[in-house]
Amino acid sequence: MRKTILDLYKQKENKQKITMVTSYDYLSARLLDNAGIDMILIGDSLGMVVLGYEDTLSVTMEDMIHHSRAVSRGAKNAFIVADLPFMSYQASVEDAVKNSGRLLKEGRVNAVKLEGGLEFASHIKAISNAFIPVMAHIGLTPQAVHMLGGYRVQGKDEILAKKLIKDAKIAEESGAFALLLECIPYALAEIITKEVSIPTIGIGAGKYCDGQVLVWHDLLGLNTEFKPKFAKVYANTLEGIKKYIDEVKQGEFPSQEHSFSMADEVLRKIY
Ligand code: KIV
């Protein structure tokens, strides 16, 4: 049974942590779903971890729809959220609603995410008025990398911390069903989590959020050149690849177990 926003609200109410991981393809989505993940995010981190761009700014609606379709074919139970990519919503409320609709209609996801709070209140309101669940992403918002002066922790000083609390409240009032808090001090994330009634999902925002999200590639240690402080590696893929190389070189792989046999009489006739 597919998770719904009501299940997520209930989890917050009952203090049951919400789990979320990013996915960009069919098999990883199926694996996450079978493992019992609550939410899957087709993040625009797609641009960096799958397509090799230096930031998320080049990701298009077509990229997001293509990958959303694959993920939604793989995940039958998780609640699926897709990112609205850069410039798919910033220019107008109309763009925001139309492109959110495309992600649900063509990408078959259950909800969308946009970056911003106060500045995008009218967009959040219009998207949710169109019956599309929308998540607001605040704190470090990668689409604003050039305004922020890089990827840095947000909300450490009083003015920015107060602004983020306001962003969270306005996003909730405007109709957001959940908040994603990226790279903010854990004490600030705790305040925000207590002050809103919608679930908060954190990445680099400490343990007091209602849930956590990790990027698939960070969780599996696939990106050896980028190790953010907040990411924990749960499986060492590099070690596995090194072992494979070693076993092939040593003649240990493939063994009989991984090989096909044929009848001796057939073999005699051909050799
Ligand atoms: O695009 C993404 O992967 C994100 C992360 C912060 C989870 O938004």
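The rules behind these values
Residues numbered from 1 in each chain as written. Predicted model: local features only at pLDDT ≥ 70, side-chain atom pairs only at ≥ 80, totals over all residues. Heavy atoms only, no water. Core = buried A, V, L, I, M, F, W, Y, C linked by side-chain atoms within 4.5 Å. Buried < 20%, exposed > 50% of the residue type's maximum accessible area, 1.4 Å probe, protein only. Helix = DSSP H or I, 4+ residues; strand = E, 2+ residues; numbered from the N terminus. Contact = heavy atoms within 4.5 Å. Polar contact = N/O pair within 3.5 Å; in protein donor to acceptor, adjacent residues only side chain to side chain. UniProt positions renumbered as here; feature names shortened; annotations may be inferred. Patch = residues over 30% accessible without salt bridge, like charges linked within 9 Å, V, L, I, M, F, W, Y side chains within 5 Å. Areas by Shrake-Rupley, 256 points an atom, 1.4 Å probe, with all protein chains shown as cover. Salt bridge = Lys/Arg side-chain N within 4 Å of Asp/Glu carboxyl O. Phe/Tyr/Trp six-rings, centres within 6.5 Å; stacked < 30°, edge-to-face > 60°. Near = heavy atom within 4 Å. 1 Å grid on protein atoms, 1.4 Å probe; cavity = no way out; pocket = protein on both sides within 12 Å on 5 of 7 lines; lining within 4 Å. Sits in = over half its atoms within 2 Å of the grid points. Nonpolar A, V, L, I, M, F, W, Y, C, P; charged D, E, K, R; others polar. Points joined across faces, edges and corners; volume = space filled by probe spheres on them.

A. Expanded view of the nonpolar core. Of all hydrophobic cores here, the largest spans 52 residues; its most connected members are Leu-103, Leu-179, Leu-181 and Ile-192. When residues of this core are assigned to their parent elements, the largest contribution, 5 residues, is made by helix H8 (residues 158–174). Sequence-distant contacts of Leu-103, defined by excluding residues within four places in its chain, comprise Met-61, Met-64, Ile-65, Ser-68, Ala-82, Asp-83, Leu-84, Arg-108, Val-109 and Val-112.

B. Structural view of the side chain of Thr-193. Here Thr-193 is to be found in helix H9 (residues 186–195). A polar side-chain atom of Thr-193 sits 2.8 Å from a polar atom in the side chain of Thr-200. When sequence neighbours within four positions are dropped, the list of residues in contact with Thr-193 reads Lys-12, Leu-181, Thr-200, Tyr-208, Cys-209 and Asp-210.

C. Summary view of the UniProt feature "active site" (unreviewed entry) in the protein. What UniProt calls "active site" (unreviewed entry) maps, in this numbering, to Glu-182. By the secondary structure assignment, Glu-182 is in strand S6 (residues 178–182). A relative accessible area of 12% places Glu-182 in the buried class. Apart from residues no more than four positions distant in its own chain, Glu-182 is found in contact with His-137, Ile-138, Gly-139, Leu-140, Pro-142 and Ile-203.

D. Fine view of a nonpolar patch on the surface. Together, Ile-241, Tyr-244, Ile-245, Val-248 and Phe-253 make up a nonpolar patch on the protein surface, roughly 440 Å² of accessible area in all. What makes Ile-241 partly exposed here is its relative accessible area of 46%.

E. Layout of the packing of aromatic side chains. A complete count under the given rule lists 4 aromatic pairs for this structure. Arranged with centres 5.6 Å apart and planes meeting at 70°, the rings of Phe-79 and Phe-177 form a pair that is edge-to-face. Remark: Phe-177 occurs in the loop between H8 and S6 and Phe-79 occurs in strand S3 (residues 79–83); sequence separation between them is 98 residues. Here Phe-79 and Phe-177 have matching classes, each one buried. An angle of 70° between the planes, with centres 5.4 Å apart, marks the rings of Tyr-89 and Phe-120 as edge-to-face. You can see Tyr-89 sitting in the loop between S3 and helix H5 (93–105) and its partner Phe-120 sitting in the loop between strand S4 (111–115) and helix H6 (121–129), a full 31 residues away along the chain.

F. Broad picture of the site of the ligand. Every residue near the ligand is listed here: Thr-22, Leu-41, Gly-43, Asp-44, Ser-45, Asp-83, Lys-113, His-137, Glu-182, Ile-203, Val-213 and Val-215. Here an oxygen atom of the ligand and a side-chain polar atom of Asp-44 are 3.1 Å apart. Separating an oxygen atom of the ligand from a side-chain N or O atom of Ser-45 is a distance of 2.5 Å. For the ligand, whose unbound accessible area comes to 260 Å², protein coverage reaches 95%. Judged by its atoms lying within 2 Å of the grid points, the ligand is housed in the largest pocket. For the shell around the ligand, the class distribution of residues is 4 nonpolar, 4 polar and 4 charged.

G. Looking closely at the layout of surface pockets. The computed volume of the largest pocket comes to approximately 600 Å³. Together, 29 residues line the largest pocket, and Pro-142, Glu-182, Val-215, Phe-226 and Phe-230 are the ones closest to its centre. When residues of the lining of the largest pocket are traced back to their parent elements, those giving at least two are helix H3 (46–49), S4, S6 and strand S8 (211–214). Counted by class, the lining of the largest pocket contains 16 nonpolar, 6 polar and 7 charged residues. Considered as a void within the structure, the second largest pocket measures approximately 420 Å³ in volume. As for the second largest pocket, its lining consists of 21 residues, of which Gly-116, Glu-119, Thr-141, Ala-144 and Leu-148 are closest to the centre. Put simply, the parts of the chain that give the lining of the second largest pocket at least two residues each are strand S5 (134–139), helix H7 (145–148) and H8. With 4 residues, the top contributor of residues to the lining of the second largest pocket is H8. Each residue belonging to the lining of the second largest pocket can be placed in one class, and the counts come to 9 nonpolar, 8 polar and 4 charged.

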